[in-house]
Amino acid sequence: MRAWSALAIVVVLLGVAWVASGTGGGQAVIGTVIPYLAVALFLAGMVARVIGWARSPVPFRITTTCGQQRSLPWIPSATLDNPHTGWGAVRRMVLEVLLFRSLFRNTRSELRPTERLVYESDKVLWVAALAFHWSFLVILLRHLRFFLEPIPRLVPLLETVDGFFQLTVPTLFLTDALIVAALLYLLGRRVLNVQLRYLSLAADYFPLFVLLTIATTGILMRYVTKVDLVGAKELAMGLVTFHPVVPQGIGTLFFVHLFFVSVLFAYFPFSKLVHMGGVFLSPTRNLANNNRARRHVSPWNPEVKVHTYEQWEEEFRDKLVAAGIPLDKE
Ligand code: HEM
């Protein structure tokens, strides 16, 4: 039901985009107003989220620890899995962001009919997540050819590597195949796995459907129905230079593609996709675990009124002396 409702929203959006893209006025709105609105929402939303995270109090270290903490010099500590210095936390963060190290250790539990509950490593999820994120990044970097003039040298280099196998005409980009395969896997596991289906919300399906629509329309433009790439570049350059133009005859599919990219950007800060920024501000990830080496006192703790032994001794000095009890301070 939740998957269907997410799909229904995407189908409605697709219908709206398709109808609007067929008219001059619709193309003008999708090609100028909507991308700016989407980017404005993206920026404002991300800033609000980052301010929200930054203002959350983190009075002590709540680092995720996955190995031996540093203690005595002769006990080997896990410097990567339980970093005790800022540099160690940076190293762990870099590996997490680039290689999804924690997901690599992901396990799933399964109740097999003939066996008991089995816990097993789930490397396929890790591979699919890496394939999706890296393909997405490479595709975005390749798209710089639309937004920059002169085109940075990185772009043709990426295109050569990505099109290495020189299959099909125009050359098939590996990332195009990978992103669709990875997205279908990520969607399939939610739909086919009973436990995951139970846990999944419409907000888990919606971004997958939006991303699949963006990838599919992009792939159709490149390999099936051609669009006017010169016009597309003119439109993209107009957007980034704040002189928006909508050249005639680019093709309906391009505007559908652009509309869904705008939907993705506008939706991003308010969705689970915001983990892109959140991972860097996560106190379980970005802090070194020095809880034993340093005392962290919460700054808003109320001042504790104490009555020290010295004060107590002073208070009852005469009685202690009279009872013959030895004193710390004669
Ligand atoms: C989230 C952002 C975006 C994603 C994930 C995305 C994805 C894709 C994919 C997978 C393709 C297939 C071919 C290829 O990989 O190059 C494609 C093609 C295309 N995209 Fe995007 N796209 C995005 C943003 C944009 C934007 C903002 C524009 C506006 C200029 C755009 C314009 C195009 C065009 C014109 C093509 C056809 C390229 C060709 O025929 O060689 N895309 N896109």
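Residues numbered from 1 in each chain as written. Predicted model: local features only at pLDDT ≥ 70, side-chain atom pairs only at ≥ 80, totals over all residues. Heavy atoms only, no water.

Caption draft 1: Structural context of the pairing of strand β1 (residues 107-111). In terms of strand pairing, β1 meets strand β2 (residues 117-121) through five bridges, oriented antiparallel. Bridge pairing in β2 places Thr107 opposite Ser121. (Pairing = 2+ DSSP bridges. Helix = DSSP H or I, 4+ residues; strand = E, 2+ residues; numbered from the N terminus.)

Caption draft 2: Layout of unusual backbone geometry. At the junction of Glu149 and Pro150, the peptide bond is cis and its omega measures out at 0° in the coordinates. Position of Pro150 relative to the elements: it lies in the loop between α6 (144-147) and α7 (154-162). Of note, Gln166 is a non-glycine position whose phi angle comes to about 45°, a positive value. Among the structural elements, Gln166 can be located in the loop between α7 and α8 (174-192). Although it is not a glycine, Phe242 sits at a positive phi angle of roughly 60°. By the secondary structure assignment, Phe242 is in the loop between α11 (229-240) and α12 (252-267).

Caption draft 3: The coordination of the iron atom of the ligand, seen in detail. Within the protein, the iron atom of the ligand binds to His143 (NE2) and His257 (NE2); these donor distances fall in the range 2.0 to 2.1 Å. If you look at the iron atom of the ligand, its six donor atoms make angles of 88 to 178° with each other, and the shape they trace is octahedral. Residue His143 is located in the loop between α5 (123-142) and α6, and its partner His257 is located in helix α12; the two are separated by 114 residues in the primary sequence. The exposure class assigned to His143 is partly exposed, which follows from its relative accessible area of 27%. Since its relative accessible area comes to 12%, His257 is described here as buried. (Donors = N, O, S within 2.8 Å, 3.2 Å for Na, K, Ca; no water. Tetrahedral: all angles 85-135°; square planar, octahedral: opposite > 155°, others 65-115°. Buried < 20%, exposed > 50% of the residue type's maximum accessible area, 1.4 Å probe, protein only.)

Everything listed here is a matter of coordinates, which is why it stays silent on function.
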